[in-house]
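Below are the chains, spelled out letter by letter.
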2 protein chains.
Amino acid sequence: MNHFIAKSARVRSTPFTQRIEDYGVQSYTVYNHMLLPASFHGVVDDCNHLKKNVQLWDVSVERQVQIKGPDADFLAQLMTCRDLSHAKDHVCYYAPIVDEQGKILNDPLVMKIQPDTWWISIADTDVLLYAKGIAIGKNLDVEITEPNVNPLAVQGPKSFELMKRIFGEEILNLKFFHFKRFDFQGHPFLIARSGWSKQGGFEIYVDNDEIGLLLYDQLMKEGKDLEVRPGCPNLIERIESGLLSYGNDMDMNDTPLECGLDNFVSLNPDIEYLGKDILQKQKNEGVSRSLVGLLLDIKEISVTQHLPIMKEDRFIGTLRSACFSPNFNQCLGIAMIDKSHQILDQDLSLEINGKKISAKMTNLPFQK
Amino acid sequence: MNHFIAKSARVRSTPFTQRIEDYGVQSYTVYNHMLLPASFHGVVDDCNHLKKNVQLWDVSVERQVQIKGPDADFLAQLMTCRDLSHAKDHVCYYAPIVDEQGKILNDPLVMKIQPDTWWISIADTDVLLYAKGIAIGKNLDVEITEPNVNPLAVQGPKSFELMKRIFGEEILNLKFFHFKRFDFQGHPFLIARSGWSKQGGFEIYVDNDEIGLLLYDQLMKEGKDLEVRPGCPNLIERIESGLLSYGNDMDMNDTPLECGLDNFVSLNPDIEYLGKDILQKQKNEGVSRSLVGLLLDIKEISVTQHLPIMKEDRFIGTLRSACFSPNFNQCLGIAMIDKSHQILDQDLSLEINGKKISAKMTNLPFQK
């Protein structure tokens, strides 16, 4: 069912909102108290375009929590199970934020942008309040702020050509998950080779609204023959690619290990972070449930809450997000399933939200 | 411009979402990562109905942050500038949450529901993460959770008659901002005489989805001759009544004193809370800016971000929310204005977002 979104200052506009409305954005979601576009030409058309061309995404909602000061390194490490002890000042780190129970509170990219300054590029929870609370409680010497930084993602296979036209050949040398400053109109923008799709691209951390708008217009102009369009994180593309969404696929009831994020859970004895003992124990004993992919023999699905999954009248887990994939010609889902009921790559009959569906479980990301 | 809202599990549905969609909700906003209805028959019609009749509001978005344990009293007090030292277990307290700088992070109602347990009924920020951070940092003996509680507000002048029909005469003895448990179908629901309108009413803290839905249907059935309708917090009614909205009228850049919340800032030497020294100093020296009402000689306005206000080419503050009020036959606004430029109840010419407007400043709440 379609409903309108009611706007207010509480649901913040971005420096690019006027642009994307002029270009015909269809729908929004809200993320970090801010408008995030959700479709322009429909999710299927947007997906097809993204896979072939280049899109500009207004992802201002990726707010930066800036932690600055003598205790910044200590606080940044304390909040994440990722080992940041050797973090370099030109590399992005995917760093799940955890609590004292080892549960995930957010799954940001973090960047050490200066020797005493971190940017935590957050998913949809107020990490700033968590950081502030810990800093107050432990009396840390840090300053925690949300700077006026509004990321603009340039995504898709033609993003490389487009970015080269604006920033020069050198940008093509930027490695995946590396960042560096590049000039536009005399302003040095921090640019990372990153973004929430698997189609390649960059994220430009726009810290100047005015020059940011000039940059937006220049990207649209220079990209005309590359068929550049405004776009946004795409439900189909991200599920096909197995990109997890905090708040959908995982939330504060889950641990990183249950979400298959083992590579980002460090058990390095030299670092200290919250919930480490619990994650160490869970790692030793193994998880009792985890995220898997579901291939569903249906042509349509909409998930607006975690849906119960039954197998032979037993509750085995929840479906957390799903979409119809034109590429797979069936629906794909991401589900948290009890380990004892995980039977991979076999024909199964599941009951999802009360409806019988022929399905297969599979590892993530999906393979075609 | 009208845009659709994209739904997902991250933007949580409530136990009542299906009901309000069946009843024809038109638009939503998002609040605490959850759907909040914003209009049913248009904001003007909803407002007129609310002032005469009774409405059921799905305000599940008012999430409860539950703090339980030996250190719960200490933590609850530490986070708010309201004096909670004599809090009674049947009274609601409006208690601004503050940080170490005395800035407002949220403006909840808090209730001591058991000797060692508080409910913080939050506005739109993740207070749970703030409380968790402080508790971790100070190593406090508390358990902090978000229980499955979904408030249902019954608002409007006929709410008293409707609630009497369901819960009996005794509910009419409940005083403003008091709460008590009342039975429905054998389940004791916590009910407060409160709600985010000035039209009178109650908030039912629904902690059982199934019985909550029976209650919803029963309220709709028993209220038929009272012209009960589903409704929601109403932009016009709340501005006319001078009810402040966190995230719109105030945010983490403001102090409670700048927002006119002096009555909720305790300087009792016997209590300890964050930012107290700073608020004490600001109280002594006086604030340099504060919220005022604006009467605007225009017939239409939409505020989707804080809009700059100029007077004789000088920046004097920002307009934070506004609406056309049929009752005042002009637009009403809530603005943060420099003290030195506050000239009350005189004809002024202001420039708001670049547009010249004849206006008056006035104290809040608005008087007709």
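Residues numbered from 1 in each chain as written. Chains lettered and ligands numbered in written order. Predicted model: local features only at pLDDT ≥ 70, side-chain atom pairs only at ≥ 80, totals over all residues.

Caption draft 1: View of the overall build of chain A. Within chain A, the secondary structure is distributed over 8 helices and 22 strands. For 368 residues, the compact-globule formula gives about 21 Å, and the C-alpha radius of gyration of chain A, at 21 Å, lands near that figure. By principal-axis analysis of the C-alpha atoms, chain A measures approximately 65 × 50 × 40 Å. The burial tally for chain A puts 52% of its 368 residues in the buried class. At a minimum sequence separation of 6, the contacts of chain A that also span at least 24 residues come to 65%. (Helix = DSSP H or I, 4+ residues; strand = E, 2+ residues; numbered from the N terminus. Rg over C-alpha atoms; globule rule 2.2 N^0.38 Å. Buried ≥ 20, exposed ≤ 12 C-beta atoms within 10 Å, placed from the backbone. Contact = placed C-beta atoms within 7 Å.)

Caption draft 2: Representation of unusual backbone geometry. All names here are of chain A. Residue P365 is reached from L364 by a cis peptide bond, and omega for that bond is -5°. Position of P365 among the secondary structure elements: in the segment after β22 (355-362). Unlike most non-glycine residues, N353 shows phi in positive territory, near 50°. Tracing the sequence through the fold places N353 in the loop between β21 (348-352) and β22.

Caption draft 3: Highlighting the relation of the copies chain A and chain B. Screw-axis analysis of chain A against chain B gives a translation of 0.0 Å along the axis, an RMSD of 0.0 Å, and a rotation angle of 180°. One copy is carried onto the other by what is essentially a two-fold rotation axis. (Least-squares fit on C-alpha atoms with pLDDT ≥ 70 in both.)

Caption draft 4: The sheet that holds strand β22 (residues 355-362) of chain B, seen in detail. Residue and element names in this part refer to chain B. The 6 strands lie next to each other as β17-β20-β19-β18-β21-β22, forming a closed barrel whose pairing is antiparallel. When strand polarity is set aside, the average angle formed by the axes of neighbouring strands in this sheet is 45°. As judged from the 2 bridges shared by strand β18 (residues 307-311) and strand β21 (residues 348-352), these two strands associate in the antiparallel manner. Its bridge partner being in β21, I309 is matched across the sheet by I352. (Pairing = 2+ DSSP bridges. Axes fitted to C-alpha atoms, helices over the stretch in contact; angles between N-to-C directions.)

Caption draft 5: Representation of the domain arrangement of chain A in the model. Along its sequence, chain A is carved into domain 1 (17-59 + 149-239), domain 2 (64-147 + 255-285) and domain 3 (288-368). Here the C-alpha centroids of domain 2 of chain A and domain 3 of chain A sit 31 Å apart. (Domains from an automatic or database assignment.)

Caption draft 6: Examining the interface of chain A and chain B more closely. On the side of chain B, 48 residues touch chain A, which itself brings 48 residues to the contact. Listing elements by their share of the side of chain A that touches chain B, those giving two or more residues are β1 (4-5), β2 (27-31), β3 (34-39), α4 (127-138) and β19 (314-325) of chain A. It is α4 of chain A that provides the largest number of residues to the side of chain A that touches chain B, a total of 9 residues. Here the residues of the side of chain A that touches chain B are counted per class, giving 18 nonpolar, 19 polar and 11 charged. Pairing analysis gives 2 bridges linking β1 of chain A to strand β2 (residues 27-31) of chain B, with the strands arranged parallel. Bridging across to β2 of chain B, F4 of chain A finds its partner in S27 of chain B. (Nonpolar A, V, L, I, M, F, W, Y, C, P; charged D, E, K, R; others polar.)

Caption draft 7: Fine view of the sheet that holds β22 of chain A. Residues and elements named next belong to chain A. Read around the closed barrel, 6 strands run β17-β20-β19-β18-β21-β22, paired in antiparallel fashion. For this sheet, the mean inter-axis angle between neighbouring strands, taken without regard to orientation, is 45°. Pairing geometry for strand β18 (residues 307-311) and β19, over 5 bridges, is antiparallel. Residue pairing in the sheet places M310 in a bridge with F315 of β19.

Caption draft 8: Highlighting the packing of helix α3 (residues 72-79) of chain B against helix α4 (residues 127-138) of chain B. Residue and element names in this part refer to chain B. Running from N to C, α3 and α4 cross one another at 120°; their axes reach a closest spacing of 11 Å. Between α3 and α4, the interaxial angle falls into the category oblique. As α3 packs across α4, the resulting crossing turns out to be right-handed. Where α3 approaches α4, its residues L75, L78 and M79 are matched on the opposing element by Y130, A131, I134 and A135. By residue class, the composition of the contact of α3 with α4 is 7 nonpolar, no polar and no charged. (Parallel < 35°, antiparallel > 145°, perpendicular 65-115°, else oblique. Left-handed = near helix turned anticlockwise from the far one by under 90°.)

Caption draft 9: Main features of α4 of chain A. Residues and elements named next belong to chain A. Taking 1.5 Å per residue as the helical rise, α4 with its 12 residues ought to reach 16 Å, and the 16 Å between its terminal C-alpha atoms agrees with that figure. Within α4, 10 of the 12 residues are buried, which leaves the element mostly enclosed by the surrounding structure. When α4 is considered as a whole, its buried residues turn out to be V127, L128, L129, Y130, A131, K132, G133, I134, A135 and I136. After α4 finishes, the residue N139 shows a positive phi value of roughly 55°. (Expected span 1.5 Å × (residues − 1).)

Caption draft 10: Structural context of the pairing of strand β12 (residues 150-155) of chain B. All names here are of chain B. Of all 6 residues in β12, 6 are buried, a share of seventy percent or more. In β12, alternate side chains face the same way, and those of N150, L152 and V154 on one face and P151, A153 and Q155 on the other are all buried. As paired strands, β12 and strand β15 (residues 201-206) are joined by 6 bridges and run antiparallel to one another. From the neighbouring strand, V154 faces β15, where its bridge partner is F202.

Caption draft 11: Representation of the pairing of β22 of chain B within the structure. Residue and element names in this part refer to chain B. Relative to β22, strand β17 (residues 289-296) is paired through 4 bridges, and the arrangement is antiparallel. Bridge assignment links L295 to a residue of β22, and that residue is K360. Here β21 pairs with β22 via 5 bridges, running antiparallel. Paired with L350 across the two strands is I357, which belongs to β22. Here β21 folds back onto β22, and the loop between the two strands holds 2 residues, one of which, N353, carries a positive phi near 50°.

Caption draft 12: Local environment of helix α3 (residues 72-79) of chain A. Among the 8 residues that make up α3 of chain A, 6 are buried, leaving the element largely enclosed by the rest of the structure. Those residues of α3 of chain A hidden inside the fold are in contact with β5 (64-68), β7 (97-98), β9 (109-114), β10 (117-121) and α4 of chain A.

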